[in-house]
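Descriptive structure summary
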Amino acid sequence: MWQFTDAYRGRTEFYKDEFNQGNVSLKLKDVRLQDEGTYLCMVEHQNIIQQTSVKLKVASFGNRPAIRLDGYHANGIRLQCDSSSWYPAPALNWADENGKDMTGKATTKPAQSTGGLYSISSTIEVTSGSASAFKCLVNSNILKHSQESSLQIPDEFFPRMSKFFTVFILFLIVLLGLMAGAGYYQFRKWTDIKELHKRPTLKSK
């Protein structure tokens, strides 16, 4: 006599009307992550037992990723993409408006919760010259489907340095260099004068 553990109670049923057609499939409802594994099917007929194993893979299709501006860096903007409720751990890719892959420039970290589901977070630094629209794609390798989001960034959002400001910075660097040189010259001159005062002198009688 078959006995079910509490973990499967009320979640399984046979296709009894199809037994005479050779269908002894078992329907598993309300599938959970813990159900993943290998199952053994055994059929006995006229004192002959036949068996086979079935491997069950469980997958969870996560939430649509959210892209946000994470701040500015030296030459552009840092973007962050987050998505959750995936199983197993998904793959995350970045692409520009033309579909060019940018994933190699990103830093991506998956994390597993106590319940077993995965979340994934990725950051990438972009500049005004790279593109104006960016896409984040999160893909389930088992389900062969993905969730994606895109973000359009106007060129005005990128930090820029005006020509006047560039010239001013260069002028300031040159000025500081001249001041440092002049200061060093005055210091050397003052040191030489001090050394001369220390030397003995001849007094006339």
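About the cut-offs
- Residues numbered from 1 in each chain as written.
- Predicted model: local features only at pLDDT ≥ 70, side-chain atom pairs only at ≥ 80, totals over all residues.
- Heavy atoms only, no water.
- Phe/Tyr/Trp six-rings, centres within 6.5 Å; stacked < 30°, edge-to-face > 60°.
- Helix = DSSP H or I, 4+ residues; strand = E, 2+ residues; numbered from the N terminus.
- Buried < 20%, exposed > 50% of the residue type's maximum accessible area, 1.4 Å probe, protein only.
- Pairing = 2+ DSSP bridges.
- Axes fitted to C-alpha atoms, helices over the stretch in contact; angles between N-to-C directions.
- pLDDT = per-residue confidence, 0-100.

**Things to note about the packing of aromatic side chains**
Scanning all chains against the criterion turns up 4 aromatic pairs. Between Tyr8 and Tyr39, the aromatic rings sit 6.4 Å apart at their centres with planes inclined by 80°, giving edge-to-face as the arrangement. Residue Tyr8 is found in the segment before strand S1 (12-14), and its partner Tyr39 is found in strand S3 (residues 37-45); the two are separated by 31 residues along the sequence. Since its relative accessible area comes to 28%, Tyr39 is described here as partly exposed. On the numbers, 5.3 Å between centres and 70° between planes, the contact of Phe61 with Trp86 is edge-to-face. Of the two residues, Phe61 sits in the loop between strand S4 (48-56) and strand S5 (66-72) while Trp86 sits in strand S6 (residues 76-86), which places them 25 residues apart along the sequence.

**Let's talk about the sheet that holds strand S7 (residues 91-96)**
Pairing within the open sheet is antiparallel, and its 3 strands lie in the order S7-S10-S11. Of all the strands in the sheet, the pair left with one neighbour each is S7 and strand S11 (145-152). Direction aside, neighbouring strands of the sheet carry axes that sit 20° apart on average. Pairing of S7 with strand S10 (residues 133-140) involves 6 bridges; the strand directions are antiparallel. Within S10, the position partnered with Asn93 by the bridge is Leu137.

**Examining the confidence of the model for the chain**
Atom-level detail of predicted coordinates should not be read off regions where pLDDT is low. Of the residues in the chain, 80% reach a pLDDT of 70 or more, and the chain-wide mean stands at 83. Predicted confidence in the chain is weakest over helix H1 (residues 163-198), with a mean pLDDT of 68, and strongest over strand S8 (residues 107-112), with 96.

**Looking at unusual backbone geometry**
Omega for the peptide link from Tyr87 to Pro88 comes to -10°, which places this bond in the cis form. Position of Pro88 among the secondary structure elements: in the loop between S6 and S7. Phi at Asn47 takes a positive value of approximately 60°, unusual for a residue other than glycine. Here Asn47 lies in the loop between S3 and S4. Phi angles above zero are rare outside glycine, and Ser85 is one such case at about 70°. Structurally, Ser85 can be placed in strand S6. The class for Ser85 is partly exposed, based on a relative accessible area of 27%.

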